[in-house]
Amino acid sequence: WGVHEYIKDSTRRFAKAGYYAIAPELFVREGGVAQLPNVQDVLKIVLAQKREQTLGDLKAAVDWAKKRPNVKADRVGVTGWCWGGSTVMQVAATNPDMNAAVAWYGPPSRPYQGASGPVTGFDLAKDIKVPFLGLFGETDKNPTPEDAKKFGELVRAHNPNVEIVIYPGAGHGFHADYRPSYNKAAADEGWNRCVGWFNKHLKG
């Protein structure tokens, strides 16, 4: 959905928790998506974007942040919601700068179109070596709790530092406080768990 108010607010919340937090606008070359009211128009842009461009821009954002004043350049975390949650899986598997990752209800089956064909989170689970936390909803249909558990098992096969949490009664987008899907109990607990994960693996 672009860097709209919910993303800006969440980024500020990480900053208030003591992090240097940035939210890169990943679709700006395509004209941006925040102003598009129709989800199909948004998806056309998002799904057509090449995996290499997305990962390259995210790496550039990290490289830029590492040079800012008072930043611990050797402590980098990544988080995201929905498409961003799937993107966390892609980043955690490919960017050696990562030290911790938190994915919110990102479908591991989502394909990212790359130069050698589509790549899903399932394909990359074997490459995720950093502490990984996944936050999912019990009533979500994409990803299903079964997909979330399967992904966690694939990562855990070679990485013991994995937690998959499935919130009872919560659906997709349970953290999005501007949507009907918002579930305050799951959102609050998930946020505390997310920040706690980063505090443990980035600040210690």
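Please refer to the structure higher up on the page.
These numbers come from a predicted model, not from an experiment.

Draft legend 1. Examining the packing of helix α1 (residues 5-16) against helix α7 (residues 184-203) more closely. In the contact formed by α1 and α7, the axes pass within 11 Å of each other and the chain directions differ by 50 degrees. One element, α1, and the other, α7, form an angle in the oblique class. The way α1 lies across α7 gives a crossing that is right-handed. Within the contact between the two elements, α1 uses Ser-10, Arg-13 and Phe-14 and α7 uses Trp-191, Cys-194, Val-195 and Phe-198. Grouping the amino acids of the contact of α1 with α7 by side-chain chemistry returns 5 nonpolar, 1 polar and 1 charged.

Draft legend 2. Quick peek at the pairing of strand β1 (residues 76-81). Bridging between β1 and strand β2 (residues 98-104) involves 6 bridges; their strand directions are parallel. Looking at β2, one finds that Val-78 is bridged to Ala-101. For the crossover from β1 across helix α4 (residues 83-94) to β2, the handedness is right-handed.

Draft legend 3. Layout of empty space enclosed by the protein. Applying the stated criterion to the full structure yields 1 cavity of 30 Å³ or more. Size it by volume and the largest cavity reaches roughly 40 Å³. Around the largest cavity, the lining residues are Val-46, Leu-47, Gln-49, Trp-83, Arg-110, Pro-111, Tyr-112 and Gln-113. When residues of the lining of the largest cavity are traced back to their parent elements, those giving at least two are α2 (39-48) and β3 (112-114). Looking at side-chain class alone, the lining of the largest cavity contains 5 nonpolar, 2 polar and 1 charged residues.

Draft legend 4. Just the environment of Glu-30, in detail. Inspection of the secondary structure assignment puts Glu-30 in the loop between α1 and α2. Expressed as a C-alpha distance, the spacing of Glu-30 and Ile-45, which sit 15 residues apart in the sequence, is 7.1 Å. Those residues within four positions of Glu-30 in sequence are excluded, and the remaining contacts are Ile-45, Gln-49 and Gln-53. Polar side-chain contacts of Glu-30 include one of 3.4 Å to the side chain of Gln-53.

Draft legend 5. Representation of α4 within the structure. Look at α4: 17 Å from first C-alpha to last across 12 residues, which is about the 16 Å you get at 1.5 Å a residue. Of all 12 residues in α4, 11 are buried, a share of seventy percent or more. Burial in α4 covers these residues: Trp-83, Gly-84, Gly-85, Ser-86, Thr-87, Val-88, Met-89, Gln-90, Val-91, Ala-92 and Ala-93.

Draft legend 6. Structural view of the packing of aromatic side chains. Counted according to the given criterion, the structure contains 15 aromatic pairs. Each ring, one from Phe-122 and one from Phe-151, has its centre 6.4 Å from the other, and the planes form 55 degrees; the classification is tilted. Separated by 29 residues along the polypeptide, Phe-122 in helix α5 (residues 121-124) and Phe-151 in helix α6 (residues 145-156) bring together distant segments of the chain. Both residues of the pair, Phe-122 and Phe-151, belong to the buried class. The ring of Trp-191 is capped by Arg-13, whose NZ or CZ atom sits 4.0 Å from the centre of that ring. Taking the ring centre of Phe-122 as reference, the NZ or CZ of Lys-150 above it sits at 4.4 Å.

Reading the values: the criteria
- Residues numbered from 1 in each chain as written.
- Predicted model: local features only at pLDDT ≥ 70, side-chain atom pairs only at ≥ 80, totals over all residues.
- Heavy atoms only, no water.
- Axes fitted to C-alpha atoms, helices over the stretch in contact; angles between N-to-C directions.
- Helix = DSSP H or I, 4+ residues; strand = E, 2+ residues; numbered from the N terminus.
- Parallel < 35°, antiparallel > 145°, perpendicular 65-115°, else oblique.
- Left-handed = near helix turned anticlockwise from the far one by under 90°.
- Contact = heavy atoms within 4.5 Å.
- Nonpolar A, V, L, I, M, F, W, Y, C, P; charged D, E, K, R; others polar.
- Pairing = 2+ DSSP bridges.
- Right-handed = clockwise from strand over helix to strand, strands pointing away.
- 1 Å grid on protein atoms, 1.4 Å probe; cavity = no way out; pocket = protein on both sides within 12 Å on 5 of 7 lines; lining within 4 Å.
- Points joined across faces, edges and corners; volume = space filled by probe spheres on them.
- Polar contact = N/O pair within 3.5 Å; in protein donor to acceptor, adjacent residues only side chain to side chain.
- Expected span 1.5 Å × (residues − 1).
- Buried < 20%, exposed > 50% of the residue type's maximum accessible area, 1.4 Å probe, protein only.
- Phe/Tyr/Trp six-rings, centres within 6.5 Å; stacked < 30°, edge-to-face > 60°.
- Lys NZ or Arg CZ within 6 Å of the ring centre and 35° of its normal.

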